[in-house]
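Structural overview
As a plain string of letters, each chain reads:
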Amino acid sequence: MPPKTKEKGKKTGAQKKKQNAGAGESGRLEMWRPSPRTGGQCWRRSCSKTTWPGPWPPSAPTTEMSRQCRALQKEMEIHSRKLEEEVTGLREQLEMCQREAEAARQEAEQALGERDQTLAQLQAHVADMEAKYEEILHGSLDRLLAKLRAVKPQWDGAVLRLHAKYKEQLHQFGLNPLDL
């Protein structure tokens, strides 16, 4: 029986050939991998013995990996749909808020216009009232002056008679009216 001297880490030539079977002449292996950038479609990746972290050659995608890939794609599609629905909802909210803001702006402009119109009407009304009151006041004062002019000669005569009467009464008591 031959001696059992198997050294660890050393492989026989047949084992090395099996390992390098998928590598080709350059010792590189081309793999198909799913890419998230291309929507889950596969892309080719070239690997060499020096860059591949696992055993050489890497095993082909298994059914488990395919299932995981499909599950991730499905999850990504669901998430994408949710995001699209959220974007649609947010756009609708934005449009609604913009419509409300436009309606509020128009309402405010209308209210300001109505206020300005009312203010202008009130100012015109006040100006008309001032003119009428001024006219009434001037008319009343003119009539009062006319009455005073008409009555003045009578008052002057009455005043002169009273003045003379009081002057005479003062002389009777021996007082001089100019000293008072």
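Positions within a chain are numbered from 1, following the residues in the order the chain's sequence is written. Residue-level local features of this predicted model are given only where pLDDT is at least 70; pairs of side-chain atoms are given and counted only at 80 or more, and the full residue set underlies all totals for whole chains, interfaces and linings. Calculated side-chain values reflect all of the structure's heavy atoms, with hydrogen atoms and water omitted.

1. Focus on the overall build of the protein chain
The cut-off we apply is this: Helix and strand assignments follow DSSP, with helices taken as H or I runs no shorter than four residues and strands as E runs no shorter than two, numbered in order from the N terminus. Any residue under 20% of the maximum accessible area for its type is buried, any over 50% is exposed, and the rest in between are partly exposed; the area is computed with a 1.4 Å probe on protein chains only. Any two residues whose heavy atoms approach within 4.5 Å are treated as being in contact. For every accessible area listed, the method is Shrake-Rupley and the probe measures 1.4 Å; residues are considered covered only by the protein chains on display.
Looking only at helices and strands, the protein chain has 2 helices and 2 strands in total. Helices (α) and strands (β) of the protein chain occur, in sequence order from the N terminus, as α-β-β-α. The buried share of the protein chain, reckoned over its 180 residues, is 6%. Sequence-distant contacts, at least 24 apart, represent 34% of the contacts inside the protein chain between residues at least 6 apart. A total accessible area of about 16,400 Å² is found for the protein chain, and carbon and sulfur atoms account for 58% of it.

2. What to know about the pattern of salt bridges
Applied cut-off: Each salt bridge in this description consists of a side-chain nitrogen of Lys or Arg and a carboxyl oxygen of Asp or Glu lying within 4 Å of one another.
In the structure shown here, the tally under the stated rule is 5 salt bridges. For Arg67, the salt bridge identified is with Glu64, shortest N-O distance 2.6 Å. On the criterion of helical spacing, the pair formed by Arg67 and Glu64 is a turn pair, its members being 3 residues apart in helix α2 (residues 63–172). Within this structure, Glu102, Arg105 and Glu109 form a network of salt bridges that share partners.

3. Some details on a nonpolar patch on the surface
Selection rule: Residues enter a patch when their relative accessible area is above 30% and they make no salt bridge; the linking distance is 9 Å between like charges and 5 Å between nonpolar side chains (Val, Leu, Ile, Met, Phe, Trp, Tyr).
Residues Leu137, Leu141, Leu144, Leu145, Leu148, Trp155 and Val159 make up a contiguous nonpolar surface patch of about 670 Å² in total accessible area. Inspection of the secondary structure puts Leu148 in helix α2. Judged by its relative accessible area of 37%, Leu148 falls in the partly exposed class.

4. Brief notes about α2
The condition that has to hold: To estimate the expected span of a helix, subtract one from its residue number and multiply by 1.5 Å. To obtain the bend at a residue, axes are fitted to the seven residues ending there and to the seven starting there, and the angle between these axes is taken.
For α2, which comprises 110 residues, the first-to-last C-alpha distance of 151 Å matches the rise-based estimate of 164 Å (1.5 Å per residue) to within 8%. The sharpest bend along α2 measures roughly 40 degrees and falls at Lys152, with the proline Pro153 sitting one to four residues further on. A positive phi of about 80 degrees marks Gly174, the residue just after α2.

5. A look at the confidence of the model for the protein chain
Put simply, the rule reads: Every residue gets a pLDDT, meaning the predictor's confidence in that residue, from 0 to 100.
For the protein chain, mean pLDDT is 79; residues scoring 70 or higher make up 66% of the total. Taken element by element, the predicted model of the protein chain shows its lowest mean pLDDT in strand β1 (residues 28–34) (49) and its highest in α2 (93). Scored below 50 in pLDDT, residues 20–31 shows 31 contacts in the model against residues more than four places distant or in partner chains.

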